[in-house]
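These are the residues of each chain, in order.
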Amino acid sequence: MIKPESAGYDYDVVISGASLAGSAVAILLARRGVRVALLERRSDPDAYKVLCTHSITANAYPVLDELGLVPAIEKAGAVRNEARWYTRWGWIEPRAAQAGPELPYAYNIRRSVLDPLIRSRAAQTPGVDLLSAIR
């Protein structure tokens, strides 16, 4: 790992883990002027979490949109879907109000695609220093 004293920077925030949550928070904080050190123990830029459902629920859409990731994940092959759940009482299928805005989409995308995409976006964000293990 790069030693903090060798980096020569003072950080406002240090985030441990450059996966989805860590990278997203780093981007959002840096956009607001916060100096962020984003630490990742894996040196491979294509690393990803293997155990995952590969599904992003519709309530995450506003965050993906704010991060500017919606076009990028769709271009990378994310499949839009609508939330539907089967219960013993039947299907639950959310619908937009007749006069209201359209509901956001949920997405299916493999973490092997999504994790490197958001990590790369974080590393390119001014104010974020991605510090990963050196091998």
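Up top is the structure.
Residues numbered from 1 in each chain as written. Predicted model: local features only at pLDDT ≥ 70, side-chain atom pairs only at ≥ 80, totals over all residues. Heavy atoms only, no water.

Student: I'm lost on the packing of helix H2 (residues 20–31) against helix H5 (residues 111–123) in this one. Help?
Tutor: For any two helices packed against each other, one specifies the inter-axial angle together with the distance between the axes. The contact between H2 and H5 brings their axes to 9 Å, and the two run at 25°. Between H2 and H5, the crossing angle belongs to the class labelled roughly parallel. The element H2 and its partner H5 pack so that their crossing is left-handed. Residue-level inspection shows Leu20, Ser23, Ala24 and Ile27 of H2 in contact with H5, the latter providing Arg111, Leu114, Asp115, Ile118, Arg119, Arg121 and Ala122. Partitioned by chemical class, the residues of the contact of H2 with H5 number six nonpolar, one polar and four charged. (Axes fitted to C-alpha atoms, helices over the stretch in contact; angles between N-to-C directions. Helix = DSSP H or I, 4+ residues; strand = E, 2+ residues; numbered from the N terminus. Parallel < 35°, antiparallel > 145°, perpendicular 65-115°, else oblique. Left-handed = near helix turned anticlockwise from the far one by under 90°. Contact = heavy atoms within 4.5 Å. Nonpolar A, V, L, I, M, F, W, Y, C, P; charged D, E, K, R; others polar.)

Student: Even after reading the chapter, I still don't get the sheet that holds strand S8 (residues 128–132), so can you show me in this structure?
Tutor: Through backbone hydrogen bonds, the strands of a sheet pair up, either in parallel or in antiparallel fashion. The sheet built from three strands is open, its strands ordered S1-S2-S8 with parallel pairing. Strand pairing shows two members of the sheet lacking a second neighbour, strand S1 (13–16) and S8, which therefore form its edges. Strand-to-strand twist across the sheet, computed as the mean angle between neighbouring axes with direction ignored, equals 20°. Where strand S2 (residues 36–40) lies against S8, five bridges are found, and the strand directions are parallel. (Pairing = 2+ DSSP bridges.)

Student: Can you walk me through the nonpolar core in this structure?
Tutor: The tendency in soluble globular proteins is for nonpolar side chains to be buried as a group. Ranked by internal contacts, the top residues of the largest apolar core, which has 22 residues, are Leu38, Leu64, Leu67, Ile73 and Tyr107. At the level of elements, H2, S2, helix H4 (70–75) and H5 are the ones that each hand at least two residues to this core. The leading source of residues in this core is H2, at five residues. Excluding residues that lie within four positions of it along the chain, leucine 64 makes contacts with Ile56, Leu69, Val70, Ile73 and Tyr107. (Core = buried A, V, L, I, M, F, W, Y, C linked by side-chain atoms within 4.5 Å. Buried < 20%, exposed > 50% of the residue type's maximum accessible area, 1.4 Å probe, protein only.)

Student: Can you help me understand the sheet that holds strand S7 (residues 106–108) in this one?
Tutor: Across the sheet, which stays open at both edges, the three strands sit in the order S3-S7-S4 with antiparallel pairing between neighbours. For this open sheet the edge positions go to strand S3 (55–56) and strand S4 (79–81), each flanked by a neighbour on one side alone. As defined by bridge partners, S3 adjoins S7 across two bridges and the pair is classed as antiparallel. Bridging across to S7, serine 55 finds its partner in asparagine 108.

Student: Can you walk me through the side chain of arginine 119 in this structure?
Tutor: Within the element layout of this structure, arginine 119 appears in helix H5. Contacts of arginine 119, omitting those with residues within four sequence positions, involve Ala18, Ser19, Ser23, Glu40, Arg42, Asp44, Pro45, Asp46, Ala47 and Leu130.

Student: When you look at the layout of surface pockets in this model, what are you seeing that I'm missing?
Tutor: To find leftover empty space, a probe the size of one water molecule is rolled over the atoms. Here the largest pocket defines a volume of roughly 200 Å³. When grouped by side-chain class, the residues that make up the lining of the largest pocket number seven nonpolar, no polar and three charged. Size it by volume and the second largest pocket reaches roughly 160 Å³. Of all elements in the fold, only H2, helix H3 (61–66) and H5 reach the threshold of two or more residues within the lining of the second largest pocket. (1 Å grid on protein atoms, 1.4 Å probe; cavity = no way out; pocket = protein on both sides within 12 Å on 5 of 7 lines; lining within 4 Å. Points joined across faces, edges and corners; volume = space filled by probe spheres on them.)

Distances and angles like these do not, on their own, reveal function.
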